[in-house]
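So you can see what is in the structure, the chains are spelled out below.
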Amino acid sequence: MAPASAPPASAPPLLVPVPGGALALRDARTGTARDVTLQGFEIGRTPITWAELRSVPTPQGSGPSRSAAPEGSRPGDVPAHPVTWFDAVRWCNTASTAAGLAPAYVLDGRAVRWDVGADGFRLPTEAEWEWACRAGTTTPTYGPPADVAWTATDQVQGPQPVGRKAPNALGTHDQLGNVWEWCWDYADTARYGDYRSLRGGGWADREWSVRASVRRGSAPDAVLEDVGFRVARGAVGQRGALEAQGWSAAADRERADVRGLRPVGWTPLRGL
């Protein structure tokens, strides 16, 4: 039997509108910052929960597999976890089709292309995620950490039901703490190959590492217990465009184009 909190089959995630604006994104490795101008979009009120994950019919082999717990084994209002980056983008496409929207992604093996003109569910870019998280604030967190985020200070043993901590000014809950959230962007194509970015911090992280600007990266097929995802929605460019909302395919290629000797452990992403 499905959890009592489970929504009707194929119920779309609850989204909140995010106005356009501009912010500066910091690059800790290079010590630089860049200004990003964003169009308005929508973002999930909470991370995708187990109930929302299960509400979308997923054909075998096309959606979350290792990350999808059996029905009833996880509370429906807890963030779905662990979810790989690949599982997240597949789920976005399946949810889009179920809702009558244009899927945002074209998948070909490990290669994934974002159609920035599609109106379906998708992962936010890092710029979108941080802009929505800050919700007009300029401080490291949008409220006192104890009030807005599940962290190591709470001494909990895993992700907690969404919406139990205070929201930000836009009405999003759990953007800080509880589970790390996948973003669309590569973490660093010069250093970490095809690793994708994670934002927000998790339930086991100390408060000092749960901040709007903190980022982490991991392999797109990594299964990590403290990782989930939150969806965004909104066509933010022309079909076929290779940049939008702070992300640029050309910038990814340029960053990966490391010539000559490179530090030990660096794995530039080739073939972009």
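Just so it is clear, the structure is predicted and the values come from calculations on it, not from any experiment.

## Digging into the pattern of salt bridges
And step 1. Overall, the coordinates contain 17 salt bridges when judged by the stated rule.
And step 2. Asp27 is the partner of Arg255 in a salt bridge, and the nearest nitrogen-oxygen pair spans 2.8 Å. Of this pair, Arg255 sits in helix α5 (residues 249–256) while Asp27 is found in strand β2 (residues 21–27), placing the two residues 228 residues apart along the sequence.
And step 3. The class for Arg255 is partly exposed, based on a relative accessible area of 29%.
And step 4. Arg199 serves as the salt-bridge partner of Glu130, at 3.0 Å between the closest nitrogen and oxygen. Here the residue Glu130 occupies a position in helix α3 (residues 126–134), and Arg199 occupies one in strand β9 (residues 196–199), the gap between them amounting to 69 residues. Grouping residues by exposure puts Glu130 and Arg199 together as buried.
And step 5. Counted as one network, the salt bridges with shared partners bring together Glu126, Glu130, Arg134, Arg199 and Arg215.

## Looking at the pairing of β2
And step 1. One ladder, built from seven bridges, connects β2 with strand β3 (residues 32–38); its direction is antiparallel. Among the inter-strand pairings, Gly21 is bridged to a residue of β3, identified as Leu38.
And step 2. The hairpin turn running from β2 into β3, its antiparallel successor, is four residues long, and Gly31 in that turn takes a positive phi close to 70°.

## Remarks on the packing of aromatic side chains
And step 1. For the structure on display, the rule yields eight aromatic pairs.
And step 2. Ring plane angle 45° and centroid distance 5.6 Å describe the contact between Trp114 and Trp247, whose orientation is recorded as tilted. Of this pair, Trp114 sits in strand β6 (residues 111–114) while Trp247 sits in strand β14 (residues 247–248); the two residues are 133 residues apart in sequence, bridging distant segments of the chain. The burial state of Trp114 is the same as that of Trp247; both residues are buried.
And step 3. By way of ring pairs, the aromatic residues Trp85, Phe86, Tyr105, Trp114, Trp184 and Trp247 are connected into one cluster.

## Considerations on the nonpolar core
And step 1. In terms of nonpolar packing, the biggest core is built from 35 residues, with Trp85, Trp91, Tyr105, Trp114, Leu123, Trp182 and Phe229 touching the most fellow members.
And step 2. With seven residues, helix α2 (residues 85–98) is the single largest residue contributor to this core.
And step 3. The next biggest cluster of nonpolar side chains, apart from the first, holds twelve residues, and it includes Val18, Val36, Leu38 and Ala232.

## So, the sheet that holds strand β10 (residues 215–218)
And step 1. Strand order in the open sheet formed by four strands is β10-β9-β8-β11, and the pairing between neighbours is mixed. Edge positions in the sheet fall to β10 and β11 (227–228), since each of these pairs with one other strand and no more.
And step 2. Taken strand by strand, α3 contacts β8 (180–186), β9 and β10, and its axis lies near 140° from that of β8.

## Section: unusual backbone geometry
And step 1. In the segment running from His81 into Pro82, the intervening peptide bond is cis, with an omega of -15°.
And step 2. Along the chain, the position of Pro82 falls in the loop between α1 (50–55) and α2.
And step 3. Its identity as a non-glycine residue notwithstanding, Ala135 has a phi of 50°, on the positive side.
And step 4. One can find Ala135 in the loop between α3 and α4 (145–148).

Conventions and cut-offs
- Residues numbered from 1 in each chain as written.
- Predicted model: local features only at pLDDT ≥ 70, side-chain atom pairs only at ≥ 80, totals over all residues.
- Heavy atoms only, no water.
- Salt bridge = Lys/Arg side-chain N within 4 Å of Asp/Glu carboxyl O.
- Helix = DSSP H or I, 4+ residues; strand = E, 2+ residues; numbered from the N terminus.
- Buried < 20%, exposed > 50% of the residue type's maximum accessible area, 1.4 Å probe, protein only.
- Pairing = 2+ DSSP bridges.
- Phe/Tyr/Trp six-rings, centres within 6.5 Å; stacked < 30°, edge-to-face > 60°.
- Core = buried A, V, L, I, M, F, W, Y, C linked by side-chain atoms within 4.5 Å.
- Contact = heavy atoms within 4.5 Å.
- Axes fitted to C-alpha atoms, helices over the stretch in contact; angles between N-to-C directions.

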